[in-house]
Amino acid sequence: MIKILTVSSANMDFVMDTPTVPEGGETIICHGSYKYVPGGKGANSAVAVARLGGKSVFCASVGRDANGDALLELYNNEKIDTRFIYRSNDCPTGLAAIMVEPSGQNRIIVYPGANAKITKEAIDAAVAERPDALFMQLETSVETVIYAANAASEAGIPIVIDAGPADPQFPLEKLPEIEIFSPNESETEIFTGVKPCDKASCEKAIEILSKRVKAKHYCIKLGDKGCYVDGVIVPPIKTKAVDTTAAGDTFTAALTLEYLKDGDIIRAAKFACAAASIVVSRAGASSSIPYRPEVEALISKQ
Ligand code: ATP
Ligand code: RIB
């Protein structure tokens, strides 16, 4: 079984369905529902790895509070290895406030809280167990990302980075060589100044990106246009968008898992598009992530 170590964020998501988003100074009424759903970019990916048939090891940090308890309960139910999750006594569990519009588009603000407390000792111990890949996003501290990447690189472990959320100040140049680097449209624009929308603009963006971070494969997630990787636009599997939250996290986790099996990045991207399409068709973060048989059934229907 392929083992993926995710070193990244864990949040409780407070999700509100909203008819529209308020302007500055405006108050609007939500006539829809609100709920609390386990989320966080790293946790969503760790859950995706487990549900898609990989061995998922999660190195993260949550507070010693009710949200931290609820997140750990989910990870244990999903059979995720939680030995490297630190519990902070002085920081609350990360919280994301999410507004979802009728189009399925979301707007997210994250309070990082305990996500800043991932320890070097936990990273070292998790890397020492030699996972098949290290998977990270940029939702933890810069120091955590750079430290874990260098630890994995020194141990010869392939590194996959999902570039969300993109901070223009993030020092991409400090990363060692990466196996797969995967930004979405807005992250690509933030890091390169190029808005990717077709093959030519993706190629232009990757030319700029490759001067900042060396990767074997660059895979740009293009929302409802699918993705671009290695000279190919892989189309999405069409669906009615309900809530796109966790689509990118699931996409990159699925891409990594499938790529590690045989090194075929295009096949992996097709699988990832199918998994993400299911996420988009459902509400919430972890609640929307499919199990492997659902993805295989969707692919065989195409
Ligand atoms: P997130 O909402 O989790 O932050 P993201 O912005 O990182 O997602 P996107 O590019 O929006 O990532 O989506 C990831 C993948 O999900 C796309 O590459 C595509 O395969 C799939 N996807 C996104 N939107 C749709 C859609 N409307 N219909 C079908 N598939 C979609
Ligand atoms: O990518 C979606 C995730 O971003 C949400 O679950 C939220 O917690 C934020 O981290």
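Each remark here, short or long, concerns the structure printed above.
The rules behind each value
- Residues numbered from 1 in each chain as written.
- Chains lettered and ligands numbered in written order.
- Predicted model: local features only at pLDDT ≥ 70, side-chain atom pairs only at ≥ 80, totals over all residues.
- Heavy atoms only, no water.
- Near = heavy atom within 4 Å.
- Polar contact = N/O pair within 3.5 Å; in protein donor to acceptor, adjacent residues only side chain to side chain.
- Helix = DSSP H or I, 4+ residues; strand = E, 2+ residues; numbered from the N terminus.
- Nonpolar A, V, L, I, M, F, W, Y, C, P; charged D, E, K, R; others polar.
- Pairing = 2+ DSSP bridges.
- Axes fitted to C-alpha atoms, helices over the stretch in contact; angles between N-to-C directions.
- Contact = heavy atoms within 4.5 Å.
- Buried < 20%, exposed > 50% of the residue type's maximum accessible area, 1.4 Å probe, protein only.
- Arc of directions from axis to C-beta.
- Expected span 1.5 Å × (residues − 1).
- Lys, Arg positive; Asp, Glu negative; His and termini not counted.
- Salt bridge = Lys/Arg side-chain N within 4 Å of Asp/Glu carboxyl O.

1. Quick look at the site of ligand 1
- Taken together, 18 residues lie near ligand 1, and Asn-184, Gly-223, Gly-226, Thr-244 and Gly-248 sit nearest.
- Within the side chain of Asn-184, an N or O atom sits 2.8 Å from an oxygen atom of ligand 1.
- Elements represented by at least two residues in the shell around ligand 1 include exactly α7 (247-262) and α8 (265-280).
- A breakdown of the residues in the shell around ligand 1 according to their chemical character gives 9 nonpolar, 7 polar and 2 charged.

2. Comments concerning the pairing of strand β2 (residues 11-17)
- Pairing analysis gives 6 bridges linking β2 to strand β3 (residues 34-39), with the strands arranged antiparallel. Its bridge partner lying in β3, Asn-11 is registered against Gly-39.
- Here β2 pairs with strand β6 (residues 94-100) via 7 bridges, running parallel. Across the sheet, the residue bridging to Phe-14 is Ala-97, located in β6.

3. Re the sheet that holds β6
- With mixed pairing, the 4 strands of this open sheet are ordered in space as β3-β2-β6-β7. The sheet is open, and its two borders are formed by β3 and β7 (106-111), each paired with just one other strand. The average angle at which neighbouring strand axes cross in this sheet is 20 degrees, direction not considered.
- Relative to β2, helix α2 (residues 66-77) is tilted by about 100 degrees, and along the sheet it contacts β2, β3 and β6.

4. Quick word on helix α3 (residues 120-128)
- All of the buried residues along α3 are Ala-122, Ile-123, Ala-126 and Val-127. Buried positions in α3, seen along its axis, are confined to an arc of 125 degrees and lie on one side of it. Away from the buried face of α3 by more than 90 degrees, exposed residues Glu-121 and Ala-128 are located.
- Contact partners of the buried residues in α3: β1 (3-7), β4 (55-63), β5 (81-88) and α4 (142-154).

5. Some words on α4
- Its 13 residues give α4 an end-to-end C-alpha distance of 18 Å, which sits within 8% of 18 Å, the value for a rise of 1.5 Å per residue.
- Along α4, the residues classified as buried are Thr-144, Val-145, Ile-146, Ala-148, Ala-149, Ala-151 and Ala-152.
- Elements in contact with the buried residues of α4: β1, α3, β8 (133-136) and β9 (159-162).
- Remark: Gly-156 follows α4 within two positions and exhibits a positive phi of approximately 75 degrees.

6. Some remarks on the side chain of Glu-187
- For Glu-187, the position within the fold is in helix α5 (residues 185-192).
- One buried charge, Glu-187, has no salt-bridge partner; the nearest side chain with opposite charge is Lys-221, at 5.1 Å.
- Beyond its immediate stretch of four places on either side in the chain, Glu-187 contacts Asp-162, Ala-163, Gly-164, Pro-165 and Ala-166.

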